[in-house]
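One-letter residues, chain by chain:
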Amino acid sequence: MTTLEQHLAAHEYTFGACGCGQEFEYDSRTLLSTIRDAHRAHVAATWREARTVRTAEELDALPAGSAIRSGECLMVMDRDKMWVPVWNGGPTSDAFLVLWTPEGGAV
Ligand SMILES: [Zn+2]
């Protein structure tokens, strides 16, 4: 799973574009703060996507101690690699946001 440092390194802003190739259109009337805001929103959205798992294989690949969330469903993987509900309001989809992993830390 991508760490925050790896993600930020891959999405460093350079003149008019992100390190991943995403370009930000601008002209002489575009405020620099508008481009910065667009880049920040892009980095946040791609970070959330990088921390989202959708398949049973992806869930099983997470290390023991990981915490995931979908809607109001919060689960933690125990030492036996079983998902234990901490707060079970029911997942809103098959996609889970990885909130924390032992090696990657918190989102
Ligand atoms: Zn990017």
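Before any of the text, the structure's been laid out above.
Please read all numbers here as calculations on a predicted model, not as lab measurements.

A word on the side chain of H7
Topologically, H7 is positioned in helix α1 (residues 4-10). Overall, the relative accessible area of 4% leaves H7 in the buried class. The residues touching H7, leaving out its near neighbours within four places in the chain, are T2, V43, T46, W47 and A50.

Comments concerning the coordination of the zinc ion
Here the zinc ion is held by H11 (ND1), C18 (SG), C20 (SG) and H42 (NE2), and the distances to it run 2.0 to 2.3 Å. Positions of the donor residues of the zinc ion along the chain correspond to the pattern H-x6-C-x1-C-x21-H. Within this pair, whereas C20 is found in the loop between β2 (17-18) and α2 (32-50), its partner H42 is found in helix α2, the two being separated by 22 residues in sequence. For H42, a relative accessible area of 14% gives the class buried.

As for the nonpolar core
Membership of the largest hydrophobic core is limited to 8 residues, which are V53, L59, L62, I68, C73, M75, F96 and V98. Those elements giving two or more residues to this core turn out to be β5 (73-77) and β7 (96-101). Non-local contacts of M75, meaning those with residues more than four positions away in its chain, are made with S66, A67, I68, W83, V84, P85, V86 and F96.

Rules used in this analysis
Residues numbered from 1 in each chain as written. Predicted model: local features only at pLDDT ≥ 70, side-chain atom pairs only at ≥ 80, totals over all residues. Heavy atoms only, no water. Helix = DSSP H or I, 4+ residues; strand = E, 2+ residues; numbered from the N terminus. Buried < 20%, exposed > 50% of the residue type's maximum accessible area, 1.4 Å probe, protein only. Contact = heavy atoms within 4.5 Å. Donors = N, O, S within 2.8 Å, 3.2 Å for Na, K, Ca; no water. Core = buried A, V, L, I, M, F, W, Y, C linked by side-chain atoms within 4.5 Å.

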